[in-house]
Amino acid sequence: MAETWSGEFYCVKCKEKREAEGEIKVNDKGTKMAKGVCPVCGTNLNRILGKA
């Protein structure tokens, strides 16, 4: 089961903060990132959470 994160993401297309839920992934550098979808426009959202 994948770990999820729920909170505020910044949507670049809408230029506003949105509440969304995203799946946590670790990138190549070892940084945790939450990836979600904007509930208004459907754009992919990313939020950097820090080191794993």
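In short, a report on the structure. All chains use their own residue numbering, which begins from 1 and follows the written sequence. Where totals are concerned, whole chains, interfaces and linings use all residues; where local detail is concerned, this predicted model gives features only for residues with pLDDT of at least 70, and gives and counts side-chain atom pairs only at 80 or more. Computation of side-chain values: all heavy atoms of the structure, hydrogens and water removed.

Across the sheet, four strands lie side by side as 1-2-3-4; this open sheet has antiparallel pairing. With one partner strand each, in any of the chains shown, strand 1 (4-11) and strand 4 (44-51) form the two edges of the open sheet. Ignoring strand direction, the axes of neighbouring strands in this sheet form an average angle of 40 degrees. The pairing of strand 3 (residues 31-37) with strand 4 spans seven bridges and is antiparallel. Considered in strand 4, the bridge of Lys35 is made with Asn46. Note on pairing: two strands pair once DSSP finds at least 2 bridges between them. A helix here means a DSSP run of H or I that spans at least four residues, while a strand means a run of E at least two residues long, and both kinds are numbered starting from the N terminus. Every angle, taken between N-to-C directions, lies between 0 and 180 degrees, and every axis is a line fitted to C-alpha atoms, over only the stretch in contact when it is a helix.

Here the focus is the pattern of salt bridges. Here, a salt bridge means any side-chain nitrogen of Lys or Arg that lies within 4 Å of a carboxyl oxygen of Asp or Glu. Using the criterion set out here, one finds one salt bridge in the structure. Residue Arg18 pairs with Glu16 through a salt bridge whose shortest N-O separation is 3.5 Å. Here Glu16 falls in the partly exposed class, since its relative accessible area comes to 41%. A 1.4 Å probe rolled over the protein chains alone gives each residue an accessible area, and that area as a share of the maximum for its type sets the label: buried under 20%, exposed over 50%, partly exposed in between.

Our focus in this paragraph is the nonpolar core. Each nonpolar core is a collection of buried residues, namely Ala, Val, Leu, Ile, Met, Phe, Trp, Tyr and Cys, held together in the definition by side-chain atoms within 4.5 Å. Grouped together as the largest cluster of nonpolar side chains are six residues: Phe9, Cys11, Ala20, Ala34, Cys38 and Leu45. Throughout, a residue-residue contact means that at least one pair of heavy atoms, one from each residue, lies within 4.5 Å. The residues touching Cys38, leaving out its near neighbours within four places in the chain, are Cys11, Cys14, Arg18, Thr43 and Leu45.

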